[in-house]
Amino acid sequence: MGVCSSACKMLRRGKYFFLLLLCLSVLAWIAMFSGDFVKSLPVSSVTTQALAMRDTAHSWTSAKDNMITPTPIQACPQKSPLLQGALKLNFEPTLTLKDVEGENKRVAEGQFEPSYCTARQSVAILIPHRSRERHLLYLLHHLHPFLQRQQLHYAVYVIQQAGDVTFNRAKLLNVGYLEALKDYNWDCFIFHDVDLVPENDHNLYICDTQPKHLVVGRNSTGYKLRYKGYFGGVTAMSREQFHQVNGFSNAYWGWGGEDDDLCKRVELQKMKIVRPPAGIARYTMVFHKRDSGNEINKDSMKLLGRTPVVWKKDGLNSCSYKTLSVERPPLYVNLTVDIGKPQS
Ligand code: UDH
Ligand code: MN
């Protein structure tokens, strides 16, 4: 009996140990296949390709409205794992709109939203435009993948000035801001020349606590800031910042001055323009000559002098225009507007 009892004890202990092992492996198996395990993986450990596969485009009655997307989704990481840094740009003369649409199947009506995480900001890109179709094509070709790698919820708006009256970049951008807000309560606005293509996707198209100037350098100026205080080309302002300065002046017809005027408005509000590092905020400007209908504005100095006096009543709150059409092809919202003509 003495011999048997110690052997039996050993056997019984072995049985309990085996049972414990079995329980542990069942638990581990359940955890492996539950959604929580997948969700708790850091985003950066999911491959780029897998992220791209899970992206979807959303129509205007998007995920947020009709709850198509399963919730909750985690906020996108501070730094997107999809960024590539310096980019190789290409300007193929044979590129067509169909090609660019084919490359961006997940963009619908100019809009995109990542489905694997909640974008940190919703951003409207506003492009003033008239008769620069080739430049627009090159910009769309580069900008859509660039913005998707930044994991933004965004939409691209092209604001077309109808007719052949002198061009007014600033007023078109005011119109873009007002019209885009009818679609969605965008957090951030990027005011974007059609011919400037960003060279590095670390140049983030998001808004800061201060107005942000994104073009420190461009190929055509030897990658140097054009002049101290320059605030043109591509700028980012939050919905509130732009509202606070009453937007752009509507009074600048022709080339020049409207960006300096916006800079003055920002300074009058005691805001401070910030810029990303020069090595990142680099652009290629597609070569072009001065457009007819956008001659140098000879009144710009005079107008700049009166900015502190008139800014409160010349801007978003006095921007009168007529929307002629709103089209929504796959890659952008196409607004055609009659913005009137210079007073004289
Ligand atoms: N724009 C148009 N159509 C026009 C005029 C202007 O779409 O007819 C828009 C477009 O978004 C453009 C922006 O307004 O990028 C600014 O105009 P711009 O590109 O003509 O201004 P920039 O300062 O050039 O680049 C000024 C004249 C260049 C002369 C070059 C001679 N060396
Ligand atoms: Mn230009």
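Residues numbered from 1 in each chain as written. Chains lettered and ligands numbered in written order. Predicted model: local features only at pLDDT ≥ 70, side-chain atom pairs only at ≥ 80, totals over all residues. Heavy atoms only, no water.

K.L.:
Go over helix H9 (residues 258–268) with me, naming the residues and quoting the values.
P.N.:
Looking only at H9, the buried set comprises Glu258, Asp259, Asp261, Leu262, Cys263, Arg265 and Val266. Contacts made by the buried residues of H9 are with helix H7 (169–183), strand E8 (234–238), helix H8 (239–244) and helix H10 (300–310). Directly beyond the C-terminal end of H9, a positive phi value near 60 degrees is found at Lys270. (Buried < 20%, exposed > 50% of the residue type's maximum accessible area, 1.4 Å probe, protein only. Helix = DSSP H or I, 4+ residues; strand = E, 2+ residues; numbered from the N terminus. Contact = heavy atoms within 4.5 Å.)

K.L.:
I'd like to hear about the site of ligand 1, residue by residue, with values.
P.N.:
The local shell around ligand 1 holds 15 residues, among which Pro128, Arg130, Val194, Asp195 and Trp255 are the closest. At 2.8 Å, a backbone N or O of Arg130 approaches a nitrogen atom of ligand 1. A distance of 3.0 Å separates an oxygen atom of ligand 1 from a polar atom in the backbone of Val194. Burial of ligand 1 by the protein chains amounts to 80% of its free accessible area of 680 Å². Here ligand 1 occupies the largest pocket. For the shell around ligand 1, a count of residues per class yields five nonpolar, three polar and seven charged. (Near = heavy atom within 4 Å. Polar contact = N/O pair within 3.5 Å; in protein donor to acceptor, adjacent residues only side chain to side chain. Areas by Shrake-Rupley, 256 points an atom, 1.4 Å probe, with all protein chains shown as cover. 1 Å grid on protein atoms, 1.4 Å probe; cavity = no way out; pocket = protein on both sides within 12 Å on 5 of 7 lines; lining within 4 Å. Sits in = over half its atoms within 2 Å of the grid points. Nonpolar A, V, L, I, M, F, W, Y, C, P; charged D, E, K, R; others polar.)

K.L.:
Help me get a handle on helix H6 (residues 133–149), residues and values and all.
P.N.:
Across its 17 residues, H6 extends 25 Å between first and last C-alpha, which sits within 8% of the 24 Å expected from 1.5 Å per residue. In the structure, H6 departs most strongly from a straight axis at Leu143, where the bend amounts to approximately 25 degrees and where the proline Pro145 lies between one and four residues downstream. For H6, a buried count of 14 out of 17 residues is recorded, marking the element as mostly surrounded by other parts of the structure. Backbone geometry just downstream of H6 places Gln151 in the positive-phi region, at approximately 55 degrees. (Expected span 1.5 Å × (residues − 1). Bend = angle between axes of the 7 residues up to and from the residue.)

K.L.:
Tell me about the confidence of the model for the protein chain, and name the residues and values.
P.N.:
Confidence in the prediction of the protein chain, expressed as mean pLDDT, is 86, and 79% of residues score 70 or more. Per-residue pLDDT stays below 50 along residues 30–65; that stretch engages in 52 contacts with residues further than four places along the chain or on separate chains. (pLDDT = per-residue confidence, 0-100.)

K.L.:
So what's going on with the coordination of the manganese ion (ligand 2)? Residues and values would help.
P.N.:
Within the protein, the manganese ion (ligand 2) binds to Asp195 (OD) and His288 (NE2); these donor distances fall in the range 2.1 to 2.3 Å. Remark: His288 occurs in the loop between strand E9 (282–285) and H10 and Asp195 occurs in the loop between strand E4 (188–192) and strand E5 (196–198); sequence separation between them is 93 residues. (Donors = N, O, S within 2.8 Å, 3.2 Å for Na, K, Ca; no water.)

K.L.:
Any chance you could break down the pattern of salt bridges for me, citing the residues and the numbers?
P.N.:
Going through the model one piece at a time under the given rule, you end up with 13 salt bridges. The shortest N-O distance in the salt bridge between Glu258 and Arg169 comes to 2.9 Å. Placement of Glu258 in helix H9 and of Arg169 in helix H7 is noted, with a sequence separation of 89 residues between them. Here Glu258 and Arg169 have matching classes, each one buried. Put simply, Asp314 and Arg306 hold a salt bridge, and the shortest N to O gap is 3.3 Å. (Salt bridge = Lys/Arg side-chain N within 4 Å of Asp/Glu carboxyl O.)

K.L.:
I'd love a proper account of the packing of aromatic side chains, names of residues and values included.
P.N.:
Per the counting criterion, the structure on display carries eleven aromatic pairs. These aromatic residues form a ring-pair network of at least three members: Tyr177, Phe189, Phe191, Phe242 and Phe248. Residue placement shows Arg226 over the ring face of Tyr230; its charged tip is 5.0 Å from the ring centre. (Phe/Tyr/Trp six-rings, centres within 6.5 Å; stacked < 30°, edge-to-face > 60°. Lys NZ or Arg CZ within 6 Å of the ring centre and 35° of its normal.)

K.L.:
Now, about the layout of surface pockets: what can you tell me, with residues and values included?
P.N.:
Reported here for the largest pocket is a volume of approximately 890 Å³. Broken down by class, the residue content of the lining of the largest pocket amounts to twelve nonpolar, 16 polar and 13 charged. (Points joined across faces, edges and corners; volume = space filled by probe spheres on them.)

K.L.:
I'd like a description of the nonpolar core, backed by residues and values.
P.N.:
Taken as a class, soluble globular proteins show a tendency for nonpolar side chains to be buried jointly. Judged by nonpolar contacts, the single largest core of 36 residues is most densely connected at Ile125, Ile190 and Tyr205. Listing elements by their share of this core, those giving two or more residues are strand E2 (122–129), H6, strand E3 (153–161), E4, E5, E8 and E9. It is H6 that contributes the most residues to this core, eight residues altogether. Within the second largest apolar cluster, 32 residues are counted, among which are Ala155, Ile159, Cys263 and Leu335. (Core = buried A, V, L, I, M, F, W, Y, C linked by side-chain atoms within 4.5 Å.)

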